[in-house]
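Inside the fold
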Amino acid sequence: MSASIHIPVLRNEVLEYLQPRPGQIVVDGTLGGGGHARALAERVAPGGFVLALDRDPQALAAAEQTLAGLPIKVAQANFCDLPEVLRSLQLSAVDGVLLDVGLSSDQLADASRGFSFDARGPLDLRFDPTEGEPAWQLLARIREEPLADLIYEYGEERFSRRIARKIVEVRRREPIRTADQLARLVRSCLPRGPRHQIDPATRTFQALRIAVNDELGSLKRALERIPACLHPDGRFVVISFHSLEDRLVKEAFRSDPRLVRLCNKPVRPSELECTDNPRSRSAKLRAAARQA
């Protein structure tokens, strides 16, 4: 199994706001490449441990190897199901929870998953390949108008109608089964922008990924349920990567009477971090503490 290439985003800021200490139990709800979990585990030892969750069985299998020897317990679960996971471990509450709701670089690098625009494998886009339907099946069955709405709402793509029309037109002739096939189709619909802009297919892929994984629904449920899993003064930190997610976190932290915000504005990566890890440039961190 290859080593993780994922670089944890806002690592120092996560440690600053979670304040992990020896003996504590901290949850990493999005294990991914294990970078955040490693940093947290080093600080809760001795006596504490990190409970690391992920929906992706490949991420968990890799982490069990790369994080061996550290005080980390892993479980395959959606972070919104944290209360059930804690009950299964006979834990009443924890000292901190981290959610990094971005896509892992390891997932992007796996051509068999369809996350990369150049992948010639199946257009899957699911975090857990055993749950729900892959994106290619969604594209094969959904009607044009709901597809356009999906791409507009979840991808914030202003050319959604044009893209949906083209997808329906093309699928009449041949099935859309691979990521590179969809990426070429989307690019053909959009006007060319400056070279430094994001790939024109980005927003459509984002929309489909959010849909097949019910990402916004999972985040909403997590924001409602996780505060009850925290000890008094326990910390809750969320890193998001696009405005739909950040809006949910901002509103939840502002309106939940159980929480006190630790920063009024989102914390952003430094220029140095953005240079070293360009994928961090859209990250926003928000933090709150459970009322004592």
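Anyway, here's the lowdown on the structure attached to this text. (Residues numbered from 1 in each chain as written. Predicted model: local features only at pLDDT ≥ 70, side-chain atom pairs only at ≥ 80, totals over all residues. Heavy atoms only, no water.)

**Re the packing of aromatic side chains**
Under the definition given, this model contains 1 aromatic pair. When the ring centre of Trp136 is taken as origin, the NZ or CZ atom of Arg177, which lies over that ring, is 3.6 Å away. (Phe/Tyr/Trp six-rings, centres within 6.5 Å; stacked < 30°, edge-to-face > 60°. Lys NZ or Arg CZ within 6 Å of the ring centre and 35° of its normal.)

**With respect to helix 2 (residues 35–44)**
Restricting attention to buried positions, one finds in helix 2 the residues His36, Ala37, Ala39, Leu40, Ala41 and Val44. Elements in contact with the buried residues of helix 2: helix 1 (11–18), strand 1 (25–28), strand 2 (49–54), strand 3 (72–76), strand 4 (94–100) and strand 5 (230–240). (Buried < 20%, exposed > 50% of the residue type's maximum accessible area, 1.4 Å probe, protein only. Helix = DSSP H or I, 4+ residues; strand = E, 2+ residues; numbered from the N terminus. Contact = heavy atoms within 4.5 Å.)

**Concerning helix 9 (residues 179–189)**
Helical geometry: 3.6 residues make up each α-helical turn, so side chains three or four residues apart lie on a common side. Of all 11 residues in helix 9, 8 are buried, a share of seventy percent or more. All of the buried residues in helix 9 are Ala179, Asp180, Gln181, Leu182, Ala183, Leu185, Val186 and Cys189.

**Looking at the pattern of salt bridges**
All told, the structure shown has 20 salt bridges when counted by the stated rule. A salt bridge links Glu131 to Arg55; the shortest N-O distance between them is 3.2 Å. Here Arg55 lies in the loop between strand 2 and helix 3 (57–66) and Glu131 lies in the loop between helix 5 (105–109) and helix 6 (135–141), a separation of 76 residues in the sequence. Using a relative accessible area of 13% as the deciding quantity, one classes Arg55 as buried. Of the charged contacts in the structure, one is a salt bridge between Asp246 and Arg286, with a shortest N-O distance of 2.7 Å. With Asp246 in helix 12 (residues 243–255) and Arg286 in strand 7 (residues 284–290), the pair connects residues that are 40 residues apart, well separated along the chain. Pair check on accessibility: Asp246 and Arg286 agree, each one buried. One salt-bridge network, in which partners are shared between bridges, spans Asp81, Glu84, Arg87 and Arg225. (Salt bridge = Lys/Arg side-chain N within 4 Å of Asp/Glu carboxyl O.)

**Let's talk about the sheet that holds strand 5**
The strands making up a sheet are joined through hydrogen bonds of the backbone, oriented either antiparallel or parallel. Read from one edge of the open sheet, 7 strands run 3-2-1-4-5-7-6, paired in mixed fashion. Edge positions in the sheet fall to strand 3 and strand 6 (259–261), since each has one partner strand and no second. The average angle at which neighbouring strand axes cross in this sheet is 20°, direction not considered. The sheet contact formed by strand 1 and strand 2 spans 4 bridges and is parallel. (Pairing = 2+ DSSP bridges. Axes fitted to C-alpha atoms, helices over the stretch in contact; angles between N-to-C directions.)

**Remarks on the pairing of strand 4**
Among the 7 residues of strand 4, 6 are classified as buried, and the element is accordingly described as predominantly covered. Relative to strand 4, strand 1 runs parallel, the two sharing 3 bridges. Counterpart to Val26 in the pairing with strand 4 is Gly96. As paired elements, strand 4 and strand 5 share 6 bridges and run parallel to each other. Note on strand 5: the bridge partner recorded for Leu98 is Val237.

**With respect to the nonpolar core**
Leu123, Leu125, Leu139, Ile163, Ile167, Leu182 and Phe205 are the most contacted members of the largest nonpolar core, which totals 32 residues. When residues of this core are traced back to their parent elements, those giving at least two are helix 6, helix 7 (144–155), helix 8 (160–173), helix 9 and helix 10 (202–213). Counting residues per element, this core draws most heavily on helix 9, at 6 residues. (Core = buried A, V, L, I, M, F, W, Y, C linked by side-chain atoms within 4.5 Å.)

**Some remarks on the environment of Gly132**
Structurally, Gly132 can be placed in the loop between helix 5 and helix 6. For the pair Gly132 and Arg258, spaced 126 residues apart in sequence, the C-alpha to C-alpha distance is 33 Å.

**Things to note about the packing of helix 8 against helix 9**
Where helix 8 meets helix 9, the closest approach of the two axes is 9 Å, and the angle between their N-to-C directions is 130°. For the element pair helix 8 / helix 9, the angle class is oblique. The two elements helix 8 and helix 9 meet at a crossing, and its hand is right-handed. Where helix 8 approaches helix 9, its residues Arg162, Ile163, Lys166, Ile167 and Val170 are matched on the opposing element by Leu182, Leu185, Val186, Ser188 and Cys189. Within the contact of helix 8 with helix 9, the residues separate by chemical class into 7 nonpolar, 1 polar and 2 charged. (Parallel < 35°, antiparallel > 145°, perpendicular 65-115°, else oblique. Left-handed = near helix turned anticlockwise from the far one by under 90°. Nonpolar A, V, L, I, M, F, W, Y, C, P; charged D, E, K, R; others polar.)

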